[in-house]
Amino acid sequence: MPASGVDQHELTLSRPQQQLRSACFAGLLLLWSVSFYSTLLNMVHIWHSIETFAHCFFILPICLYLIWQKRFQLSCVSVATQPWSLLLLIGLFGLWLVAIRLGIQVMEQFAVLAMLPSLVWLTFGNQVCRVILFPLLFVFFALPFGEFLIPKLQYVTAEMTVYLLRFSGVPVYQEGMFIFIPGTRFEVAWTCSGIRYLLAALSLGCLFAYIHFTRYYKRLLFVLLSIVLPIIANGLRAWSIIMIYHFVDQRIAGDIDHLIYGWFFFSFLIAVLFVIGWWFSEPAELKPASISIGAKCHSLKVPGQFLPLTLVAVGFVAFALHGQWSRQYGQDKQQIALQANALPASAGGWQGPINANFSTWRAEFPNADVIWQQDYQKSSASLSLFSAYYHTEHQGKELINVSNIFYDAKLWQLQDQDIQRFSFGEQELVTRRLKLANGQHSISVFYWYQVGSYQSLGAFSTKLNQLLNAPFGYSSGQVVAIAVEQQNDRQLVMDFLRTHQTELWRWLAQPINQSRARVFAKELPNENG
């Protein structure tokens, strides 16, 4: 007889109900996968194509293994449908719709991924979720998220490397992400930020803390260690490579860079982290099995148990059918033809627009519906006006996208950036200024995003403006960038904007004309003409 005095026959009476409930959960998972397959496939594509998120492939198998380890505890708790989870699922579905409308990929993926533990809560109830709470939360490490940390990690790595070089007596000069030592130059590129090892170490650190610690403060301290240690180690890695290059041989440094920055470096980092964790780990506390007298699996024949599952299943089926109909309908729709309006004509002593030949600066906004880039000149001064317009958006064709860049990092290096405000009576234009330089030129690029009458600088504010501009329509908008030489850059841009204020604002209000005939924007010339 079990330790709690419960008859073994009583514990097995509900086995058919458990099997039926598990089958219902499997059906819900299948419908969930079909309904949101495009989001799920895109997430898997990111895991495969971006090495930073390669560790995400292991998250779901780890979650399943942790749940399997809890199989005895799960057999000893009551199972019941939790209707309150319907509110959470409805909220997540609404969040997914907003993310689709705004084109915020990480929010879209978060909403779909969060539905997975929500379905577990719906089908099996509170007590089951309490037993497997960590695996249900650990699944969020499968979300490809964290690239926004790259610039901050680059900065920390560059500052740490320069400090260590000066401490080591190596002459060094820093210019942004570029580090100069006698005879050569190093760049702390995004691949040198250490983001891939930080994310992987954090996920493994949380897993290790859950398994080997029982006190919450120790778990928290170990998780913090799994964040700090990769950052420090990445700075030491960059410093050691430069030291080897400076004092030994540049060829050796190149080979070691590829070796240490690969799996060997990550393996050594995780080994150090785990050794520290094992040193302070706590022995597992053996507790007698605790079986609730009332532990049972509620019958799905009861309306209160069966109805919530049915509602979710019907909702998934309806959404999947609607999605298929929408895709088919979208393929049959006639494309809207676009014709670009000309840039503002010359005025106030300015000559233009003329063909763009302003240094080698080019902004890249792939898949834009219309692109303009032409120059204006006044006396010996000149500037280049660039704009990219998106009439409609879909995945990969967005005004706000990581593939959109304001300069080629291979040709230009970012020296500084700030906010510049231009006042025109009661109107004010807020722009971001990028100070760029290469071996021949030093230029400033002033840019802003224009969505209808709304202007913005940040990604989130631009997405929000797109929603406010057309709550139930397609997202549209454009980016405007003005490039000038750094000397007297602000005065030159101010003069251009003030002179062309009326025409420029009229053009921003209507950058394109729609017509029945398909008209393509003129393709920009390449560097070879």
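The structure presented is a predicted model; accordingly, all values stated were derived computationally and were not measured.

*Asks:* Explain the overall build of the protein to me, please; I cannot follow it from the model alone.
*Replies:* Across its full length, the protein holds 18 helices and 13 strands. Counting across all 529 residues of the protein, residues that qualify as buried make up 42%. A fraction of 71% describes how many contacts in the protein between residues 6 or more apart in sequence connect residues 24 or more apart. On the protein, roughly 28,900 Å² of surface is accessible, and the fraction owed to carbon and sulfur atoms is 62%.

*Asks:* Got a minute to help me understand the side chain of Q109 in this structure?
*Replies:* In this fold, Q109 is placed in helix α7 (residues 105-124). The exposure class assigned to Q109 is buried, which follows from its relative accessible area of 1%. In contact with Q109, other than residues within four places in its own chain, are T39, N42, M43, I46, L143 and P144.

*Asks:* I tried to follow unusual backbone geometry on my own but got confused; where do I start?
*Replies:* Glycine aside, a negative phi is what most residues show, and trans is what most peptide bonds show. In this structure, S379 takes a positive phi of about 60° despite not being glycine. As for its placement among the helices and strands, S379 is situated in the loop between β6 (370-378) and β7 (381-390). Not every positive phi belongs to a glycine, and N488 is a case in point at roughly 55°.

*Asks:* How do you make sense of a nonpolar patch on the surface when you look at a structure like this?
*Replies:* A surface patch of nonpolar side chains, amounting to about 420 Å² of accessible area, comprises Y217, L220, L221 and L224. Structurally, L220 is set in helix α12 (residues 216-247).

*Asks:* I would appreciate a short explanation of the packing of aromatic side chains in the present structure.
*Replies:* The relation between two aromatic rings is expressed through the spacing of the ring centres and the mutual angle of the planes. According to the stated counting rule, one finds 27 aromatic pairs in the structure shown. A connected cluster of aromatic rings, assembled from ring pairs, spans W361, F365, F386, F406, Y447 and Y449. The lysine or arginine in question, R490, covers the ring of F422, its NZ or CZ lying 4.7 Å from the ring centre.

*Asks:* Can you walk me through the pattern of salt bridges in this structure?
*Replies:* Where charged atoms from two side chains of opposite charge come close, those side chains can pair. Under the definition given, this model contains seven salt bridges. A salt bridge links E503 to R506; the nearest nitrogen and oxygen atoms lie 2.7 Å apart. Within this pair, E503 and its partner R506 are both found in helix α18 (residues 501-509), separated by three residues, close to a single helical turn. You can call E503 partly exposed: its relative accessible area is 40%. Accessibility expressed as a relative area gives 48% for R506, which makes it partly exposed. Several salt bridges converge on common partners, so that one network encompasses D418, R433 and D489.

*Asks:* I would appreciate a short explanation of the side chain of T123 in the present structure.
*Replies:* For T123, the location among the structural elements is in helix α7. Using a relative accessible area of 0% as the deciding quantity, one classes T123 as buried. A distance of 2.8 Å separates a polar atom in the side chain of T123 from the backbone oxygen of L119.

*Asks:* Honestly, the sheet that holds strand β2 (residues 178-181) in this entry has me stumped. Any pointers?
*Replies:* In sheet architecture, strand pairing relies on hydrogen bonds along the backbone and comes in two forms, parallel and antiparallel. If you walk across this open sheet you meet the three strands as β1-β2-β3, and the pairing is antiparallel. The sheet terminates laterally at β1 (173-175) and β3 (184-187), the two strands that pair on one side only. The mean angle between the axes of side-by-side strands here comes to 25°, regardless of whether they run parallel or antiparallel. Here β1 pairs with β2 via three bridges, running antiparallel. Note on β2: the bridge partner recorded for Q174 is I179. Packed onto the sheet, helix α10 (residues 150-167) meets β1 and β2 and runs at close to 15° relative to β2. Strands in contact with α12 are β2 and β3; relative to β2, the strand with the most contacts, it is inclined by about 25°.

*Asks:* What is the right way to look at the packing of helix α3 (residues 37-49) against α7 in this model?
*Replies:* Packed helices, taken two at a time, are described by the angle between their axes plus the distance between the axes. Packing of α3 against α7 brings their axes to within 10 Å, and their N-to-C directions diverge by 115°. With respect to α7, the element α3 is oriented roughly perpendicular. In terms of crossing hand, the pair formed by α3 and α7 is left-handed. Listed contacts from α7 to T39, L40, N42, M43 and I46 of α3 are Q105, E108, Q109, V112 and L113.

*Asks:* Is there a simple way to explain the confidence of the model for the protein in this structure?
*Replies:* Detailed conclusions should not be drawn from predicted coordinates in areas where pLDDT is low. Averaged over all residues, the pLDDT of the protein is 80; the fraction at 70 or higher stands at 80%. Of all secondary-structure elements in the protein, the lowest mean pLDDT belongs to helix α1 (residues 8-12), at 42, while helix α9 (residues 133-138) reaches the highest, 95. For the stretch residues 328-334, pLDDT sits under 50, and the model shows one contact to residues farther than four places along the chain or on other chains. The model gives residues 516-529 a pLDDT under 50, and that stretch makes 16 contacts with residues more than four places away or in other chains.

Thresholds applied
- Residue numbers restart at each chain and count upward from 1, following the sequence in its written direction.
- For this predicted model, a pLDDT threshold of at least 70 governs which residues receive local features, and a threshold of 80 or more governs which side-chain atom pairs are given and counted, while totals over whole chains, interfaces and linings are taken from all residues.
- No hydrogens and no water enter the side-chain calculation; it runs on all heavy atoms of the structure.
- Runs of E in the DSSP output that reach at least two residues are strands. Runs of H or I that reach at least four are helices, and both are numbered from the N terminus.
- Three exposure classes are used, based on accessible area relative to the maximum for each residue type with a 1.4 Å probe and protein chains only: buried under 20%, partly exposed in between, and exposed over 50%.
- By definition, residues are in contact when any of their heavy atoms lie within 4.5 Å.
- Note on areas: Shrake-Rupley, 1.4 Å probe, and residue coverage restricted to the protein chains presented here.
- Residues forming no salt bridge and having over 30% relative accessible area are the ones grouped into patches, like charges within 9 Å of each other and nonpolar side chains (Val, Leu, Ile, Met, Phe, Trp, Tyr) within 5 Å.
- The working definition used for a salt bridge is a side-chain nitrogen of Lys or Arg within 4 Å of a carboxyl oxygen of Asp or Glu.
- Whether two aromatic rings pair depends on their centres lying within 6.5 Å, for rings of Phe, Tyr and Trp, where Trp uses its six-membered ring; planes under 30 degrees apart make the pair stacked, over 60 edge-to-face, and the rest tilted.
- Note on criteria: charge over ring means Lys NZ or Arg CZ within 6 Å of the ring centre, with the direction from the centre no more than 35 degrees off the ring normal.
- In protein, a polar contact requires one atom able to donate a hydrogen and another able to accept it; more generally it is a pair of N or O atoms within 3.5 Å, and residues adjacent in sequence count only if both atoms are side-chain atoms.
- Any two strands are treated as partners once DSSP identifies two or more bridges connecting them.
- Axis angles are defined between N-to-C directions and span 0 to 180 degrees, where every axis is a line fitted to C-alpha atoms and, for a helix, only to the segment in contact.
- Relative orientations are named as follows: roughly parallel for angles under 35 degrees, roughly antiparallel for angles over 145 degrees, roughly perpendicular for angles from 65 to 115 degrees, and oblique for any other angle.
- Helix crossings get a hand from a simple test, with the near helix turned counterclockwise from the far one by less than a right angle marking a left-handed crossing and a clockwise turn marking a right-handed one.
- Values of pLDDT, which run from 0 to 100, indicate the predictor's confidence residue by residue.

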